[in-house]
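# Notes for the structure review
So you can see what is in the structure, the chains are spelled out below.
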Amino acid sequence: MLVRDLIAARLRDAVDEAQRTGSLPPFDLPQSGLVERPQRADHGDFASGLPLRVARTAKRPPLEIAQLLADALARGTDDGPIGEVSAAPPGFVNFRLSDDWLRSQVEAIRTAGEAFGDVDVGAGRRVQIEFVSVNPTGPVHVGHARGAVLGSGLARALSAAGFDVTREYYVNDAGNQMELFYRSVFARYAEALGRTDVPLPEDGYQGAYLVELGEELAGRHGPRYLEMDEAEAIAELGEEALNRMLDVIRVDLDRIGVEFDVWFRERDLYAHGQYEDTMALLRERGYTAVRDGAEWFTSSALGDEKDNVIVRSTGAPTYFASDIAYHRDKFGRRGFDRVIDIWGADHQGHVPRMKAVMQALDLDPDRLTILIGQLVTLKSGGDIVRASKRTGQIVTLGDLVDEVGADACRYFFLARAAESQMEFDLELAKRESSENPVYYVQYAHARIAGILRQAAERGVTWEDGDTTLLTDPAELALVRRMLQLPEVVDSIAVTLAPHSLPHYAVDLATAFHWFYDHCRVLSSDPADAPLMKARLKLTEASHVALARTLALMGMSAPETM
RNA sequence: GCCCCAGUAGCUCAGUAGGAUAGAGCGGCUGCCUUCUAAGCAGCGGGUCACGGGUUCGAAUCCUGUCUGGGGCGCCA
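Residues numbered from 1 in each chain as written. Chains lettered and ligands numbered in written order. Predicted model: local features only at pLDDT ≥ 70, side-chain atom pairs only at ≥ 80, totals over all residues. Heavy atoms only, no water.

## Some details on helix α2 (residues 50-58)
- Within the sequence span of α2, burial applies to L50, P51, V54, A55 and A58. Considered in projection along α2, the buried side chains sweep an arc of 140° and stay on one side of the axis.
- Phi turns positive, to about 55°, at K59, one or two residues after α2. (Buried < 20%, exposed > 50% of the residue type's maximum accessible area, 1.4 Å probe, protein only. Helix = DSSP H or I, 4+ residues; strand = E, 2+ residues; numbered from the N terminus. Arc of directions from axis to C-beta.)

Written out as structure tokens, the structure reads:
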């Protein structure tokens with residue numbers, strides 16, 4: 001249980017008790033926001049503005065209520081986390097953590113190890129996060145990097161929060177765009193074999209990577225596919241090309257720590273009946289209408305601005321049609337409690353229709369969350385960098401990772417709130433200096449590792465260290481900061497906004513750097529041994545906390561720098 | 001025209017289930033390395049939270065109007 005929630009529970013108890021004994025009149029407690037982190041450290045570790053909120057209904061001055069509650073809470077705090085409780089104008093109850101308890105947590109953090117920071121708000125509920133899902137017609141573009149890092153970071157945080165998380169990539173291997181891709185591949189293949197009578201389709205894929213792929217396929221198979229039925233050849237070569245593209249995509253994403261549990265094929269929805277079943281269900285429930293020779297999903301009746309075509313007048317289903325079947329499959333056959341889709345800003349217009357789909361399928365719309373990542377502007381110094389092949393600039397995700405490295409990519413994309421447009425400064429991200437927060441955080445980890453390494457080299461052991469010797473303000477400040485990690489994880493589970501993690505990482509690094517400057521750990525003087533051992537335990541706990549924080553961000557934790 | 005997102009320090013951004021004196025990093029200026037990594041630490045300066053109304057004991061945070069920037073309004077995905 002989070003300390004914050006424990007304090008909230010104590011506060012509720014104190015109110016109940018006061019109301020029972022008649023020292024406070026009856027009033028309803030707010031459901032949330034009972035206990036918060038005050039901005040100023042001298043207000044304590046936690047605070048509650050409850051008296052201010054209930055003063056009117058209680059018909060008592062807020063400060064009086066605060067004092068009454070503070071007095072009640074101060075009794076029986078003994079050896080728990082709560083140290084001092086005080087009332088402060090205009091009507092706050094402030095809580096300060098007990099120093100003894102803080103010191104005891106050093107041991108708890110060391111022991112928790114890689115599980116430090118875990119909370120259990122998820123209670124094993126199944127969450128699917130679907131992200132990236134770029135059409136496999138080429139390498140992942142730099143524009144998709146943000147969504148990739150956001151989804152992957154969210155997945156890590158939700159796992160730590162106790163959810164059973166499935167990371168999924170929806171492979172659009174059916175439909176118009178893929179047909180175009182398959183025919184483009186075939187044209188490049190023929191071209192590589194010297195044939196000039198198989199032109200690239202109009203609006204076909206122009207990328208140089210397909211020329212290479214065509215040559216590769218020609219080298220491997222020779223003219224075999226030119227000698228067979230063209231439709232069959234396109235289908236077979238296309239499948240092979242698709243798999244090659246998925247490999248390329250997988251490798252690029254893997255380089256920035258983005259991995260998937262499931263690569264779901266759109267085609268399977270057609271092959272295994274989900275598409276037909278879903279269409280039948282929509283028709284049965286009266287959510288479709290035939291107009292102008294096409295079949296429409298009548299989402300305007302469910303709050304959308306307009307209806308959307310699901311089956312074209314040509315008889316071919318739209319992307320939206322399979323997407324409906326896909327989402328029904330997520331909740332129905334696969335039984336996810338909750339689904340999170342991460343889309344780019346260019347798709348935000350589709351949110352209302354997906355919400356309409358949920359209603360049509362008789363599913364609670366709140367079980368589907370669509371996160372929209374706003375656009376990213378690449379900059380170098382003060383200049384905007386356009387993703388352009390012609391100018392030799394960064395185009396693919398792979399280019400970006402080559403340029404600035406995986407850790408900087410993760411950090412900067414993760415550090416910005418999804419709904420804000422962001423600038424990605426390539427120069428800053430590349431800089432290996434104090435100006436770069438990536439190094440600031442990793443440097444703290446390297447310093448910690450250095451101390452532990454040298455202690456081991458000197459043959460020092462610290463298992464018997466006595467953490468009650470930790471009394472320096474810098475030591476206690478470091479423990480306080482470490483203990484915030486579970487709160488950060490908990491809040492991400494609620495807000496689905498993992499950008500608090502990089503900010504926390506910087507704060508944690510700051511706390512360690514401060515400790516490092518104020519408190520010398522290693523000493524060869526025997527008189528210093530007890531304090532050294534205690535500080536080694538604290539250093540080890542810091543190692544645990546910082547390594548976990550970096551792991552949650554998908555960043556490396558260097559032992560030396 | 002309609003819909004979505006944003007506007008906070010010179011720059012990049014946090015802070016928004018309403019709370020106490022609005023924060024960080026960078027850039028600028030000052031100090032600190034014979035001792036565990038100075039990729040560090042300490043300090044100084046820097047704000048009409050785009051603007052106007054409203055709700056509230058209390059608003060950067062909620063409501064509303066305006067302005068500015070980005071995105072979207074296809075039988076494309």
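Still to come is the rest of the account.
## A few points about the protein's contact with RNA strand B
- Lining the immediate environment of RNA strand B, one finds 61 residues, of which R56, R312, H350, E419 and Y443 sit closest.
- Sugar plus phosphate: this is where 64% of the atoms of RNA strand B within 4 Å of the protein reside.
- In this structure, a phosphate oxygen belonging to RNA strand B sits 2.8 Å away from a side-chain N or O atom of H499.
- Within the contact set of RNA strand B, a sugar or linking oxygen lies 2.9 Å away from a side-chain nitrogen or oxygen of R520.
- Sorting elements by how many residues they give to the surface near RNA strand B places helix α16 (residues 437-457) first, with 7 residues.
- Residues of the surface near RNA strand B, tallied by class, amount to 24 nonpolar, 20 polar and 17 charged. (Near = heavy atom within 4 Å. Polar contact = N/O pair within 3.5 Å; in protein donor to acceptor, adjacent residues only side chain to side chain. Nonpolar A, V, L, I, M, F, W, Y, C, P; charged D, E, K, R; others polar.)

## A word on the side chain of E475
- The residue E475 is located in helix α17 (residues 473-482) in this model.
- We classify E475 as buried; its relative accessible area is 1%.
- A distance of 2.9 Å separates a polar atom in the side chain of E475 from the backbone nitrogen of T471.
- If we ignore the near neighbours within four places in the chain, the residues touching E475 are L469, L470, F515, C519, L531, R535 and L538. (Contact = heavy atoms within 4.5 Å.)

## Describing the sheet that holds strand β1 (residues 46-48)
- One open sheet accounts for 3 strands, arranged β1-β3-β2; its pairing is antiparallel. Either end of the sheet is taken by a strand with one partner, and the two such strands are β1 and β2 (82-88). In this sheet, adjacent strand axes meet at a mean angle of 20° when their direction is disregarded.
- In this sheet, strand β3 (residues 92-97) lies alongside β1 in antiparallel orientation, the contact comprising 3 bridges. Opposite S48, over in β3, you have V93 as the bridge partner.
- Sitting on the sheet, helix α1 (residues 3-20) touches β1, β2 and β3, and the angle it makes with β1 is about 35°.
- On top of the sheet, helix α3 (residues 62-74) reaches β2 and β3; it is set at about 165° to β2, its chief contact. (Pairing = 2+ DSSP bridges. Axes fitted to C-alpha atoms, helices over the stretch in contact; angles between N-to-C directions.)

## A word on the packing of aromatic side chains
- Tallied over the full model, the rule gives 19 aromatic pairs.
- Each ring, one from F181 and one from Y205, has its centre 6.2 Å from the other, and the planes form 75°; the classification is edge-to-face. You can see F181 sitting in helix α6 (residues 176-192) and its partner Y205 sitting in the loop between α6 and α7 (208-221), a full 24 residues away along the chain. Y205 carries the same exposure label as F181, and that label is buried.
- When the ring of F412 is compared with that of F424, the centres are 5.7 Å apart and the planes differ by 65°; the resulting orientation is edge-to-face. (Phe/Tyr/Trp six-rings, centres within 6.5 Å; stacked < 30°, edge-to-face > 60°.)

## Some remarks on unusual backbone geometry
- Here P89 and P90 are connected by a cis peptide whose omega angle stands at 0°.
- Tracing the backbone through its elements, the reader meets P90 in the loop between β2 and β3.
- Within the chain, K59 stands out as a residue other than glycine whose phi angle is a positive 55°.
- If you trace the backbone, K59 turns up in the loop between α2 and α3.
- A positive phi is found at V132, a non-glycine position, where the angle reads about 65°.
- Here V132 shows up in the loop between β4 (126-130) and α5 (145-160).
- What makes V132 buried here is its relative accessible area of 14%.

## A look at the nonpolar core
- Among the nonpolar cores identified, the biggest contains 150 residues, and I129, L158, L400, F424 and L536 are the most heavily contacted of them.
- In terms of residue count, the dominant contributor to this core is helix α20 (residues 529-553) (11 residues).
- L536 has contacts with I451, L452, A455, V460, W462, V521 and L522, leaving out every residue within four places of it along the chain.
- In terms of nonpolar packing, the next biggest core, distinct from the first, is built from 27 residues, M279, I310, A345 and M354 among them. (Core = buried A, V, L, I, M, F, W, Y, C linked by side-chain atoms within 4.5 Å.)

## A closer look at helix α4 (residues 99-112)
- Given a rise of 1.5 Å per residue, 14 residues ought to cover 20 Å, and the 20 Å separating the end C-alpha atoms of α4 matches this to within 8%.
- Looking at α4, one finds that the buried residues are W101, L102, R103, Q105, V106, I109 and R110.
- On its buried face, α4 sits against α1, β3, α17 and α20.
- At the exit of α4 stands G113, carrying a positive phi of roughly 55°. (Expected span 1.5 Å × (residues − 1).)

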